[in-house]
Amino acid sequence: MADRPSGNLLIRDARIVPFRSRTELGVLRRGGSGPGGLNAPSSPGGPVDVRVVGGRVVEVGPGLSASGARVLDVDGAFLIPGLWDAHAHLDMEAARSARIDTLATRSAEEALDLVAQALRNLPAGSPPATVQGFGHRLSNWPRVPTVAELDAVTGDVPTLLISGDVHSGWLNSSALRVFGLPEASAQDPGAPMKEDPWFALLDRLDEVPGTRELRESGYRQVLTGMLARGVTGVVDMSWSEDPDDWPMRLRAMATRGVLPEVLPRIRVAVYRDKLERWMERGLRTGSELAGSPRLADGSPVLVQGPLKVIADGSMGSGSAHMREPYPAELGLDHPCGVVNIDRAELTELMSGAGRQGYEMAIHAIGDAAVDDVAAAFALSGATGRLEHAQLLPADALDEPGGALRRLVGCGVELSVQPAHLIDDWAAVGRVWPGLEERTYAFADMVTAGALLQLGSDAPVAPLDPWLAMSAAVGRATPDGSVWSPSQRLTAEEALAASVNGAGPVAVGSPADLVLLAEDPVRLGAEALALVRPLATIVAGAVAHQRA
């Protein structure tokens, strides 16, 4: 790969944005401070110069000498730590740009129309290897579609439409044949696949001709898009077949001349069915992946991330594990949702993986699933995060046995994706009636002492930290209303939850940095969504600079 860019940098005339830590802000909420306490962050001081050497900030002050460093004159721009997306699926995000966008569909018929239009738009005589779509939510459709309906539109072209929550896939018979699965018949017209059977296929999508090419062609756009939005690091929750997948991908991109000069940091998760293979390679959370390229400070781009476990389903597919049954009119096969791994098995898995040096990332969306995961963390002694936390149990805040209190007591962080509420607002009242106030209850989480990490779950929501912060601060729904305004975060809280635990830039800070035209902690929700960095710096090297 190309030589690393220099990390010897002088940023001239930057204003450092002060913000309080997640812990400090939580104390303010628990202390019952009025809005003045939370909504009165300190003002940035005057412009200063910031010297970066060896991937660290080594000097801050006015009038620093250049001393041979590259000089970045920023004319009073605001400086914050690099942003992180704590939960993204980069493989599906890379493929998304080549898939039909089914997000706005309100019925199976509308999705079928999009597929038919895509087929009609193909050049004559060049049938596609595959037709794929992404974005819809079955919970927003009035009925469950059939495989036979998709067959009638697509014929023998392998076709699969992935739901926006990634918990179901609507495949035609041609695609089912690729996987050796039963096709639609007169006796059984078939239906979308959900949860574990579907997840097993997600790991095999490359068996569908054209899928690998579709995905790999999108990675450069994903990586450069992250850097353009100020994302200097991401936890990649993709299904990966081998620890060498990412190193091989980056080498292939370099060979094709499409590898960005400076890359973001990538923490690569592993799923439980692959864990033994990872352990045999001696990997644990924090290990460098063999063959990783290096950043300007010599640190690896690719690092082993957490063990990802999907404990239950999703709200959108009506499969999140719930204490009480879903409404009968939904006609679900599993009235209380799906348990992908029970409490005892989860506890055993977390105990063993924890002893091998793995942190956890446990997907739990329904209130019963959150209960199970809280218990498993307490019993196993494992460390890590609960992923999503979309619905708090009714007793989550109770002392001492409530799920949220137990999670906080175990030091478990909550990885949340605020932009999901923009898409979920229309379905929650139908799928979880009466539970709206406990859904995306960010302020309650912070008040209980939870440390939040914001992310996107891309491609379920755009890989855009500013959209996530905006949604957390504004909680605005597409109909113009505000969903549970008491659960809004301040802009300062949202920023503090987006920087991987970093504090304001100071001597000793890692040189993963973002320069902005605005002070983000003083912006409202609408303005936050529009922020685009002037420059993004990773390990002291300029990775993106706005023209």
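Anything mentioned here points back to the structure above.
Calculation rules
The numbering scheme is per chain: residues are counted from 1 as the chain's sequence reads. This being a predicted model, a pLDDT of at least 70 is required before a residue's local features are given, and a value of 80 or more before pairs of side-chain atoms are given or counted; all residues contribute to the totals for chains, interfaces and linings. The basis for every side-chain value is the complete set of non-hydrogen atoms in the structure, without hydrogens or water. Under the scheme applied here, a residue whose accessible area is under 20% of the maximum for its type counts as buried, over 50% as exposed, and between as partly exposed, the area being computed with a 1.4 Å probe on protein chains only. Numbered from the N terminus, helices here are DSSP runs of H or I no shorter than four residues, and strands are runs of E no shorter than two. The arc in question is the one traced by the directions running from the helix axis out to the C-beta atoms. Every residue pair with non-hydrogen atoms within 4.5 Å of one another is taken to be in contact. Here, nonpolar core means buried Ala, Val, Leu, Ile, Met, Phe, Trp, Tyr and Cys residues that are tied together by side-chain atoms lying within 4.5 Å of each other. For every element, the axis is a line fit to its C-alpha atoms; helices are fit only across the contacting stretch, and the angle between N-to-C directions ranges from 0 to 180 degrees. Angles are sorted into four bins: roughly parallel if under 35 degrees, roughly antiparallel if over 145, roughly perpendicular if 65 to 115, and oblique for all others. Working rule for handedness: look at the near helix, and if it is turned counterclockwise from the far one by less than a right angle, call the crossing left-handed; if clockwise, right-handed. Salt bridge criterion: a side-chain nitrogen from Lys or Arg within 4 Å of a carboxyl oxygen from Asp or Glu. Ring pairs shown here join Phe, Tyr and Trp side chains whose ring centres sit within 6.5 Å, with only the six-membered ring taken for Trp; geometry is labelled stacked below 30 degrees between planes, edge-to-face above 60, and tilted in between. Note on geometry: a ring has a charge over it if NZ (lysine) or CZ (arginine) is within 6 Å of the ring centre and within 35 degrees of the ring normal. Two strands qualify as a pair provided that DSSP identifies no fewer than 2 bridges between them. For the purposes of these results, a polar contact is taken to be a pair of N or O atoms within 3.5 Å, where, inside protein, one atom must be able to donate a hydrogen and its partner to accept one; residues adjacent in sequence count only when each atom of the pair is a side-chain atom.

Asker: Give a detailed account of helix 15 (residues 420–431), specifying residues and quantitative values.
Answerer: Structurally, the α-helix is built with 3.6 residues per turn, so residues lying three or four positions apart point the same way. All of the buried residues in helix 15 are His 420, Leu 421, Asp 424, Ala 427, Val 428 and Val 431. End-on, the buried residues of helix 15 take up no more than an arc of 140°, which puts them together on one face. Along its buried surface, helix 15 packs onto helix 16 (442–447) and helix 17 (465–474).

Asker: So what about the nonpolar core? Which residues, and what values?
Answerer: With 107 residues, the main nonpolar core has Trp 432 and Met 445 as its most contacted residues. Sorting elements by how many residues they give to this core places helix 13 (residues 367–380) first, with 6 residues. Every residue in contact with Met 445, bar those within four places of it in the chain, is listed here: Ala 389, Leu 392, Leu 404, Leu 414, Val 416, Ala 450 and Leu 452. Listed in part, the 26 residues of the second largest apolar core include Trp 198, Leu 201, Ala 361 and Val 460.

Asker: Talk me through the packing of helix 4 (residues 108–120) against helix 5 (residues 147–154); I want residue IDs and the actual numbers.
Answerer: What describes two packed helices is the angle between their axes and the distance between those same axes. Viewed as axis vectors pointing N to C, helix 4 and helix 5 meet at an angle of 25°, and their least axial separation amounts to 9 Å. One way to sum up the angle between helix 4 and helix 5 is to call them roughly parallel. When you trace helix 4 past helix 5, the crossing you get is right-handed. For the pair helix 4 and helix 5, the contacting residues are Glu 109, Leu 112, Val 115, Ala 116 and Leu 119 in the first and Glu 149, Leu 150, Val 153 and Thr 154 in the second.

Asker: I'd like to hear about the pattern of salt bridges, residue by residue, with values.
Answerer: Per the stated rule, a full pass over the model turns up 35 salt bridges. The closest approach of N and O atoms between Glu 216 and Arg 215, which form a salt bridge, is 3.0 Å. As far as burial versus exposure is concerned, Glu 216 and Arg 215 are alike and both buried. The shortest N-O distance in the salt bridge between Arg 265 and Asp 297 comes to 3.7 Å. Of this pair, Arg 265 sits in strand 13 (residues 265–271) while Asp 297 sits in the loop between helix 11 (275–280) and strand 14 (302–310), and the two are 32 residues apart along the sequence. A relative accessible area of 16% means that Arg 265 is categorised as buried. In the salt-bridge network here, residues are joined through shared partners; they are Asp 206, Arg 212, Arg 215, Glu 216 and Arg 249.

Asker: Could you give me a rundown of helix 17, with the residues and numbers involved?
Answerer: Of all 10 residues that make up helix 17, 10 are buried, and the element is covered over most of its length. One or two steps after helix 17, the chain reaches Arg 475, where phi turns positive at roughly 50°.

Asker: Can you lay out the packing of aromatic side chains for me, pointing to particular residues and giving the numbers?
Answerer: Under the defined criterion, the tally for this structure stands at 6 aromatic pairs. Ring geometry for Tyr 440 and Trp 483: centres 5.7 Å apart, planes at 85°, overall edge-to-face. Of this pair, Tyr 440 sits in the loop between helix 15 and helix 16 while Trp 483 sits in the loop between helix 17 and helix 18 (491–496); the two residues are 43 residues apart in sequence, bridging distant segments of the chain. Take Tyr 440 and Trp 483: they sit in the same class, and that class is buried. Members of the aromatic cluster, each reached through a chain of ring pairs, are Phe 199, Trp 239 and Tyr 271. Above the plane of the ring of Trp 246 lies Arg 249, whose end atom (NZ or CZ) is 4.7 Å from the centre.

Asker: Outline the environment of Val 208, listing residues and values.
Answerer: Relative to the assigned elements, Val 208 resides in the loop between helix 7 (195–202) and helix 8 (211–216). Val 208 sits in the buried class, given a relative accessible area of 0%. For Val 208 and Gly 37, which are 171 residues apart along the polypeptide, the C-alpha to C-alpha distance reads 55 Å. If near-sequence neighbours (up to four positions away) are discounted, Val 208 is found in contact with Thr 130, Gln 132, Pro 158, Leu 160, Val 178 and Phe 179.

Asker: Hey, could you go over the pairing of strand 12 (residues 231–236) for me, with residue numbers and the actual values?
Answerer: Where burial is concerned, most of strand 12 is hidden: 6 out of the 6 residues are buried. For strand 12 and strand 13, the ladder comprises 4 bridges, and the chain directions are parallel. Across the sheet, the residue bridging to Asp 236 is Val 268, located in strand 13.

Asker: Break down the side chain of Asn 172 for me, citing the residues and quoting the values.
Answerer: Tracing the chain through its elements places Asn 172 in the loop between strand 10 (168–171) and helix 6 (173–178). On the basis of relative accessible area, Asn 172 is assigned to the buried category, the value being 0%. A distance of 2.7 Å separates the side chain of Asn 172 from the backbone oxygen of Val 157, its partner in a polar contact. Those residues in contact with Asn 172 that sit more than four places away from it in its chain are Val 147, Leu 150, Asp 151, Thr 154, Gly 155, Val 157, Pro 158 and Thr 159.

Asker: With reference to specific residues and values, describe the sheet that holds strand 18 (residues 452–454).
Answerer: Spatially, the 8 strands line up as an open sheet ordered 6-12-13-14-15-16-17-18, and their pairing is parallel. If you trace the sheet from one side to the other, it starts and ends with strand 6 (83–88) and strand 18, each paired once. With direction set aside, neighbouring strand axes in the sheet form an average angle of 25°. Judged from the 4 bridges that link them, strand 6 and strand 12 form a sheet pairing that is parallel. Among the inter-strand pairings, Ala 88 is bridged to a residue of strand 12, identified as Asp 236. Across the sheet, helix 17 touches strand 6, strand 12 and strand 18, and the angle it forms with strand 6 is around 85°.

Asker: Account for unusual backbone geometry, naming residues and giving values.
Answerer: With an omega dihedral of -10°, the bond running from Glu 399 to Pro 400 counts as a cis peptide bond. Structurally, the position occupied by Pro 400 is in the loop between strand 16 (384–388) and helix 14 (403–409). You will see that His 388, though not glycine, has its phi angle at about 95°, which is positive. Notably, Asn 500 is not glycine yet its phi reads approximately 60°, a positive angle. Of note, Asn 500 is situated in the loop between helix 18 and strand 19 (513–516). Residue classification places Asn 500 among the partly exposed residues on the basis of a relative accessible area of 28%.

Asker: Run through the sheet that holds strand 10, naming residues and quoting values.
Answerer: Taken in spatial order, the 5 strands line up as 7-8-9-10-11 in an open sheet, and their pairing is mixed. A single partner strand is all that each edge strand has here, and the edge strands are strand 7 (100–101) and strand 11 (193–194). Where helix 5 meets the sheet, it contacts strand 9 (159–162) and strand 10, and its direction lies at approximately 50° from that of strand 10.

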